[in-house]
Amino acid sequence: MDQSAGLRQDAYERGHGPYQPHEPGYGLDQPEYSPYEDEIPDPKTRMLAIHNAKAYLLKTSTTSGQNLYDHLANVLTKILDEQPTNTVDIIENISKDVKCARFQKKMDTLRDEYEILPTFEAAEKCKALFIKENEENAVIEEEIGQTPLPNVMQTAFYFEQAGIGLSKDESYYIFLALKNLVSVQPVQTCRFWGKILGLERNYIIAEVQLREGEEEEETGEEVTEEEGKGMDEVEEDEERVKDEPPKSTYKPPPEIPKEENGTGANKYVYFVCNEPGKPWVKLPPVTPAQIVCARKIKKFFTGRLQAPVVSFPPFPGNEANYLRAQIARISAGTHISPTGFYQFPEEEEEEEEGGDAYEENPEFEPPPVAEMVESLSTWAHHVKSILKQGRCVWINPEKLEEKDEEEEEEEKEEKSEEMDEQQEETGPPLLTLLSEDEGIQDIPAWTAQASTNLIPEHSVAILQSNRWPGAYAFASGRTFENIYFGWGHKYSPENHNPILPPPVQAEYPSGPGNTETRDPTLEEELAFKAAKEALAADEEEEEEENEEEAEDD
């Protein structure tokens, strides 16, 4: 028997006793034999045994919080990195060193601080989500009769059939986080809007409608400089104005005001957090200037609301304002519902500015899934589109200018009426069908499909927005929902082309009339003076000759 066969026999006898070859002619000509082949001959059974063994090694200790699999991997890594001599004799000490390395010494005390595992940190963050609410809140919900908490797990179930959504654990954590939000804020309706990805952290977004009278208007009176000065200082300023050079009379265009809370782009209030369990942060209302600028730039989110947005043109705000602007744009373009589910109120009153009032149709009969997949006319937008001005309702900027003189007002009244008819911008009305949406070059605006073709009677209609990748909607009977998972960017087939800065202002044209020349020398001045005197003398002689000729005639 050769040396390799002897080693195999020796290794087998250590664990299984004396070795007995199964065949009389076992030797060099026979294939290598493994004693475990007879015990686990089936490959599936062998893989199951391997998984069970690995699961046993990954079992966490209740004392140290460590498992044997990771410990052996760290020990082997330390041995291969250091390569000590006589490793077999000191392997116990190496194992102790690896365990001690997981402890850190504090500088102020001699006590050991055990390393906190990432799983333990995640469990501590989500621990607050599983605390039961007080009985008082439960009594209040019973008195109201209807809780504003949405059924996130049911929505996740429908989207899961189309392969869209988050894991069940994260969906449940978001469910509990929304429960905490509803218990703290005066919420009338609440909905899980979606998740926007960031480079450092992500944003989990909740769409909320507060109760009447709970919305806080951001109003602040600014004190002017003249109100804070004394009379003496004002008189000194008047004297200084007299000596100052003239100032430019250019007036920038008036700032377009934001839409009031509860209307237009500010119809809903949005709360965000980076992870379930962290506190919710309320986003500020969006302004038309922020929406107009957000259409011209494309920036990735960092996950920090106070981070600056460095772009051209410069964005008027930080990342919280940019996030709010993108939410408004995505909602206006992708929030849809089955046609006929919503209807305008029957009592036609005078429409207020906004015109986004609608109600649920109790007589709505949902069409079959096959029809909703084949025809986009079975879907409609239930959020007003945003105009180029940055508002859902157009406002005349000329009316915002302050006019001091009454005569100018009378002269410009007729002109402003004409401008209203020419410049007034109108968008598609509310509850417009999806079949009227414009595509992107050769790409349709929406892609519709059923969740399964094998069981069509239990399938769900799924719509995907191609203009805003990551926006989805489903419909199953009277149940439908919209959600967004993405980077918050609009699709552009030609990539993003940032706006170039304006060209540099041209210099004043140079010519003989405005070009600087060197000063003449004394000789040049004398020569110029002599030539000028000679020219004057010649002119006098010509005049005298002309007079003499006239007298002779």
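The following refers to the structure shown. Each chain carries its own residue numbering, running from 1 in the direction its sequence is written. Restriction of local features to residues with pLDDT of at least 70 applies here, the model being predicted, together with a cutoff of 80 or more for giving and counting side-chain atom pairs; totals for whole chains, interfaces and linings are based on all residues. Side-chain calculation: all heavy atoms of the structure are included, whereas hydrogens and water are not.

## Details of the overall build of the protein
This is how it is decided: Only DSSP runs of H or I covering at least 4 residues are called helices, and only runs of E covering at least 2 are called strands; the numbering of each starts at the N terminus. Residue exposure (1.4 Å probe, protein chains only): buried if accessible area is under 20% of the type maximum, exposed if over 50%, otherwise partly exposed.
A tally of helices and strands in the protein yields 14 helices and 14 strands. With 553 residues in all, the protein has 27% of them scored as buried.

## A word on the pairing of strand 12 (residues 461-465)
The condition is simple: Strand pairing follows a simple DSSP-based rule, namely that at least 2 bridges must link the two strands.
The element strand 12 is largely enclosed, with a buried count of four among its five residues. One ladder, built from four bridges, connects strand 12 with strand 13 (residues 471-476); its direction is antiparallel. When the bridges of strand 13 are listed, Gln464 appears paired with Tyr472. Taking the residues that link successive antiparallel strands as the turn, the strand 12-strand 13 hairpin has five residues, and the phi of Gly470 there is positive, at about 110°.

## Brief notes about the packing of aromatic side chains
Note the threshold: Only rings of Phe, Tyr and Trp enter the pairing, Trp through its six-membered ring, and a pair is recorded when the two centres are within 6.5 Å. The plane angle decides the type: under 30 degrees is stacked, over 60 is edge-to-face, the rest tilted.
Evaluated as defined, the whole model comprises 17 aromatic pairs. Residues Phe300 and Trp487 carry aromatic rings whose centres are separated by 5.5 Å and whose planes lie at 85° to one another, so their mutual orientation is edge-to-face. Placement of the pair is Phe300 in the loop between helix 10 (288-294) and helix 11 (319-334) and Trp487 in the loop between strand 14 (479-486) and helix 14 (522-552), with a sequence separation of 187 residues. According to the relative accessible area criterion, Trp487 is partly exposed, its value standing at 37%.

## Here's the deal with the packing of helix 3 (residues 68-82) against helix 4 (residues 87-100)
Note the threshold: Axis angles are defined between N-to-C directions and span 0 to 180 degrees, where every axis is a line fitted to C-alpha atoms and, for a helix, only to the segment in contact. Angle categories are assigned with fixed cut-offs, so that under 35 degrees is roughly parallel, over 145 is roughly antiparallel, 65 to 115 is roughly perpendicular, and the rest are oblique. In a left-handed crossing the near helix is turned counterclockwise from the far helix by less than a right angle, and in a right-handed crossing that turn is clockwise. It only takes one pair of heavy atoms within 4.5 Å for two residues to be counted as in contact.
Viewed as axis vectors pointing N to C, helix 3 and helix 4 meet at an angle of 120°, and their least axial separation amounts to 10 Å. Here helix 3 is positioned oblique relative to helix 4, judged by the angle of their axes. Helix 4 is crossed by helix 3, and the crossing has right-handed handedness. On the side of helix 3, the interface is formed by His71, Asn74, Val75, Lys78 and Ile79, while helix 4 contributes Thr87, Ile91, Ile94, Ser95, Asp97, Val98 and Lys99.

## Remarks on the packing of helix 7 (residues 152-160) against helix 8 (residues 168-184)
This is how it is decided: Amino acids outside the nonpolar list (Ala, Val, Leu, Ile, Met, Phe, Trp, Tyr, Cys, Pro) and the charged list (Asp, Glu, Lys, Arg) are all regarded as polar, and Gly is one of them.
Between helix 7 and helix 8, the least distance of the axes is 9 Å, while the angle of their chain directions is 150°. As the angle between them shows, helix 7 and helix 8 are arranged roughly antiparallel. Two packed elements cross with a definite hand, and for helix 7 against helix 8 that hand is right-handed. Between helix 7 and helix 8, the residues in contact are Val152, Met153, Ala156 and Glu160 and Lys168, Ser171, Tyr172, Phe175 and Leu178, respectively. Among the residues making up the contact of helix 7 with helix 8, the classes are represented as six nonpolar, one polar and two charged.

## Focus on the side chain of Thr432
Basically, it comes down to this: Here a polar contact means two N or O atoms within 3.5 Å. Within protein one must be a hydrogen donor candidate and the other an acceptor candidate, and residues neighboring in sequence count only if both atoms are side-chain atoms.
Positionally, Thr432 belongs in the loop between helix 13 (406-423) and strand 11 (446-450). On the accessibility criterion, Thr432 (10% relative accessible area) is buried. A distance of 2.3 Å separates the side chain of Thr432 from the backbone oxygen of Pro429, its partner in a polar contact.

## Describing the sheet that holds strand 14
As summarised here, the arrangement of the eight strands in space is 6-5-4-3-14-13-12-11, forming an open sheet in which the pairing is mixed. Edge positions in the open sheet fall to strand 6 (281-282) and strand 11, since each of these has one partner strand only. Summarising the sheet, strand 3 (residues 187-196) and strand 14 pair through three bridges and their orientation is parallel. The partner of Ile196 across the bridge, within strand 14, is Gly486. Of the strands in this sheet, strand 3, strand 4 (203-210) and strand 5 (269-273) are in contact with helix 8, which crosses strand 3 at around 145°.

## As for helix 4
For clarity, the cut-off: By this rule, a helix spans an expected 1.5 Å times one less than how many residues it contains. The angle between axes fitted to the seven-residue stretch ending at a residue and the seven-residue stretch beginning at it gives the bend at that residue.
For helix 4, with 14 residues, the first-to-last C-alpha span of 19 Å sits near the 20 Å given by 1.5 Å per residue. By the largest-angle criterion, Asn93 marks the main kink of helix 4, which is about 30°. Within helix 4 the residues assigned to the buried category are Ile94, Ser95 and Val98. For helix 4, the secondary structure elements touched by its buried residues are helix 3.

## Comments concerning the side chain of Ser337
Structurally, the position occupied by Ser337 is in strand 7 (residues 336-338). Relative accessible area serves as the criterion here: at 1%, Ser337 is assigned to the buried category. Side chain to side chain, Ser337 and His382 meet in a polar contact 3.3 Å long. Apart from the residues within four sequence positions on either side, Ser337 is in contact with Tyr342, Thr378, Trp379, Ala380, His382 and Phe480.

## A word on the environment of Leu178
Tracing the backbone through its elements, the reader meets Leu178 in helix 8. When neighbours within four sequence positions are excluded, Leu178 is seen to be in contact with Leu149, Pro150, Val152, Cys190, Phe192, Ala206 and Trp280.

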